[in-house]
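Spelled out, the chains give:
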Amino acid sequence: MISLKKAQRRLFTGLVRLRGGEASALGMRVRAWSRACAVAIIVFCVAAPVPSEAGTIDVPMRRGQATTPAAAPDSTWGEIASAAATVMGEIEVLRVELGVGDEPPEAELQLDRLPAHVYVKSLEVMAKVGAVQRRFGVPTGSSREIPLTEPSAVDVLASVTEIFDGIRAIKTQMIIETEVDQAVVSGFPTLAGVYKNLADSSYLLDGLIGYPLNSGDVYGNTSAIVEELSLIGTKLQVVLDTESPAVDAPKRTIDIAQQLLRAIYKTVSLQGRLGMEASMVPTLTMVRVTPTETYDLAGLLWTEVARIKWHLGVNVPVVLDQPPTRNDRADLFAQTLLIIRNLDQLTAGAGN
């Protein structure tokens, strides 16, 4: 191809053969035209996209814009989504066969869930399956605990599979032969969807346990959270309080739920202070709050505290001296206040 400058020289060479004024006028028009072409070429070169080494340019979405983050694009999360949906079907069979007719609430969809949230929720469901097993005299196996490192998709699948095994053991003991087809999940699974199926399964199991959850069940989780915060305080070299404040006035379940939600806010704030990718605070409607809701909030709080442990590399397990036996709402309320106070102290220490 002929370059732009060479074309210009040929045009001006031809112009000298023209007569005076005509050549001058034509030369002015040609020079204007050539300058326009040069500007157009420069603009085109600047505007043209430059391919990256990978062929595309990835622009990450801000976390605040996310709504329902998809699970990892591998077959494991597809299996987990299918298994979580099938667990609900298995529990429905148990409820019909054993004559449970209550109408549990439906879990609210919690966005921005992480594998850790799904894993801890599966532990909650398995704990309730174990309670049903004990009610009907079915031998129980060893239970999983909060892991010392962040759980992977394989860990979550193993935990959900244990829920299946526990339900099948109940069906075998009770000679329940109704089979449930493996659920087929359409589209790409999301962690929020998997989490909701497990949360609904937890609600459905309450009627099978035979007795309602009480403050004592929640107190066990909050006691473990206090110990988790103590380990984090040791890592950050922050001295924490150990005694719960005195609470004189009677407390309602909603009072406890409000303080647990407040503690979750503070934990998420501490995550940001430590340079972590902070979780999204759950959106909950506190209308008819029961110990089941507070149990769920305690589980969420425990998950967020565990994320801080994993981030700091604290791989020491929590060991309670003795199983908590208190079931008084005032004691539970006081312990949530202790958790909040310790979170404030950790946040101040992290700032220093």
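Residues numbered from 1 in each chain as written. Predicted model: local features only at pLDDT ≥ 70, side-chain atom pairs only at ≥ 80, totals over all residues. Heavy atoms only, no water.

### Description of the overall build of the chain
Put simply, the rule is: Each helix is a run of H or I in the DSSP string that is no shorter than four residues. Each strand is a run of E no shorter than two, and both are numbered from the N terminus. Exposed residues in this analysis have more than 50% of their type's maximum accessible area, buried residues have under 20%, and partly exposed residues fall in between, with area computed by a 1.4 Å probe over protein chains only. Any two residues whose heavy atoms approach within 4.5 Å are treated as being in contact. Here the Shrake-Rupley method, with its probe set to 1.4 Å, supplies the accessible areas, and only the displayed protein chains count as covering residues.
A count of helices and strands for the chain gives 10 helices and zero strands. Each helix and strand of the chain, placed in order from N terminus to C terminus, yields the pattern α-α-α-α-α-α-α-α-α-α. The buried share of the chain, reckoned over its 352 residues, is 42%. In the chain, once contacts between residues fewer than 6 apart in sequence are set aside, the share between residues at least 24 apart is 90%. Split by element, the accessible area of the chain, about 19200 Å² in all, is 55% carbon and sulfur.

### Structural notes on helix 6 (residues 191–209)
Spelled out, the test is: Expected span of a helix: the number of residues minus one, times 1.5 Å.
Taking 1.5 Å of rise per residue, 19 residues should cover 27 Å, and helix 6 covers 27 Å from first to last C-alpha, within 8% of that figure. With its phi angle positive at about 100 degrees, glycine 210 sits one or two positions after the end of helix 6.

### Observations concerning the packing of aromatic side chains
Quick note on the threshold: Side-chain rings of Phe, Tyr and Trp (the six-membered ring for Trp) are treated as a pair once their centres are within 6.5 Å; stacked means planes under 30 degrees apart, edge-to-face means over 60, and tilted covers the remaining angles. The criterion for a charge sitting over a ring is simple: Lys NZ or Arg CZ within 6 Å of the ring centre, and within 35 degrees of the ring normal.
Evaluation of the coordinates by the stated rule reveals zero aromatic pairs. The lysine or arginine in question, lysine 251, covers the ring of phenylalanine 333, its NZ or CZ lying 4.5 Å from the ring centre.

### Considerations on unusual backbone geometry
Of note in the backbone geometry, aspartate 112 takes a positive phi value of approximately 60 degrees without being a glycine. Along the chain, aspartate 112 turns up in the loop between helix 3 (75–97) and helix 4 (115–135). Phi is positive for glutamine 237, close to 60 degrees, though the residue is something other than glycine. With respect to the helices, strands and loops of the structure, glutamine 237 is situated in the loop between helix 7 (215–236) and helix 8 (253–273). For glutamine 237, a relative accessible area of 76% gives the class exposed.

### Comments concerning helix 8
Spanning 21 residues, helix 8 covers 31 Å between terminal C-alpha atoms, matching the ideal 30 Å at 1.5 Å per step. Glycine 275, located one to two residues past helix 8, shows a positive phi value of around 80 degrees.

### Digging into the pattern of salt bridges
This is how it is decided: For this document, the term salt bridge refers to a Lys or Arg side-chain nitrogen within 4 Å of an Asp or Glu carboxyl oxygen.
Summed over the entire model, instances satisfying the criterion amount to 14 salt bridges. Here aspartate 296 ties to lysine 121 by a salt bridge, and the two come within 2.2 Å at their closest N and O atoms. Placement of the pair is aspartate 296 in helix 9 (residues 291–312) and lysine 121 in helix 4, with a sequence separation of 175 residues. Take aspartate 296 and lysine 121: they sit in the same class, and that class is buried. One salt bridge in this structure joins aspartate 241 and arginine 341, with 3.4 Å as the shortest N-O distance. With aspartate 241 in the loop between helix 7 and helix 8 and arginine 341 in helix 10 (residues 329–351), this pair connects stretches of sequence that are 100 residues apart. You can call aspartate 241 partly exposed: its relative accessible area is 29%. Put simply, Glu106, Lys196 and Asp200 are held in one network by salt bridges that share partners.

### Remarks on the nonpolar core
Selection criterion: Each nonpolar core is a collection of buried residues, namely Ala, Val, Leu, Ile, Met, Phe, Trp, Tyr and Cys, held together in the definition by side-chain atoms within 4.5 Å.
Ranked by internal contacts, the top residues of the largest apolar core, which has 81 residues, are Val129, Ile163, Leu229, Leu301 and Ile339. Broken down by secondary-structure element, the contributors of at least two residues to this core are helix 3, helix 4, helix 5 (153–173), helix 6, helix 7, helix 8, helix 9 and helix 10. It is helix 9 that provides the largest number of residues to this core, a total of 11 residues. Non-local contacts of isoleucine 339, meaning those with residues more than four positions away in its chain, are made with Thr222, Ile225, Val226, Leu229, Ala263 and Leu301.

### Considering the packing of helix 7 against helix 9
Note the cut-off: Only C-alpha atoms enter the line fits that serve as axes; for helices the fit covers just the stretch in contact. Angles between N-to-C directions range over 0 to 180 degrees. The labels follow the angle: roughly parallel below 35 degrees, roughly antiparallel above 145, roughly perpendicular from 65 to 115, and oblique for the rest. The hand of a helix crossing depends on one turn: near helix anticlockwise from the far one by less than a right angle means left-handed, and clockwise means right-handed.
The interhelical angle for the contact between helix 7 and helix 9, taken along N-to-C directions, is 20 degrees, at an axis separation of 9 Å. Judged by the angle between their axes, helix 7 and helix 9 are roughly parallel. Pair helix 7 / helix 9 crosses with left-handed handedness. Note on element contacts: helix 9 touches helix 7 through Pro291, Thr294, Tyr295, Ala298, Gly299, Leu301, Trp302, Val305, Ile308, Lys309 and Leu312, opposite Asp217, Val218, Asn221, Thr222, Ala224, Ile225, Glu228, Leu229, Leu231, Ile232, Lys235 and Leu236.

### A word on the side chain of serine 159
Let me state the cut-off plainly: Any pair of N or O atoms that falls within 3.5 Å is considered a polar contact. Within protein, one atom must be able to donate a hydrogen and the other to accept it, and sequence-neighbouring residues count only if both atoms are side-chain atoms.
By secondary structure assignment, the location of serine 159 is in helix 5. Accessibility expressed as a relative area gives 1% for serine 159, which makes it buried. A distance of 2.7 Å separates a polar atom in the side chain of serine 159 from a polar atom in the side chain of serine 122.

### Here we look at the confidence of the model for the chain
Put simply, the rule is: Each residue carries a pLDDT value, the predictor's own confidence for that position, ranging from 0 to 100.
Per-residue pLDDT for the chain has a mean of 80; in total, 76% of the residues score no lower than 70. The low-confidence segment residues 1–73 (pLDDT under 50) makes 41 contacts with residues lying over four places distant or belonging to another chain.

### Observations concerning the environment of phenylalanine 164
By the element assignment, phenylalanine 164 lies in helix 5. By relative accessible area, phenylalanine 164 is classed as buried at 6%. Setting aside residues no more than four positions away along its own chain, phenylalanine 164 makes contact with Ala83, Thr86, Val87 and Glu90.

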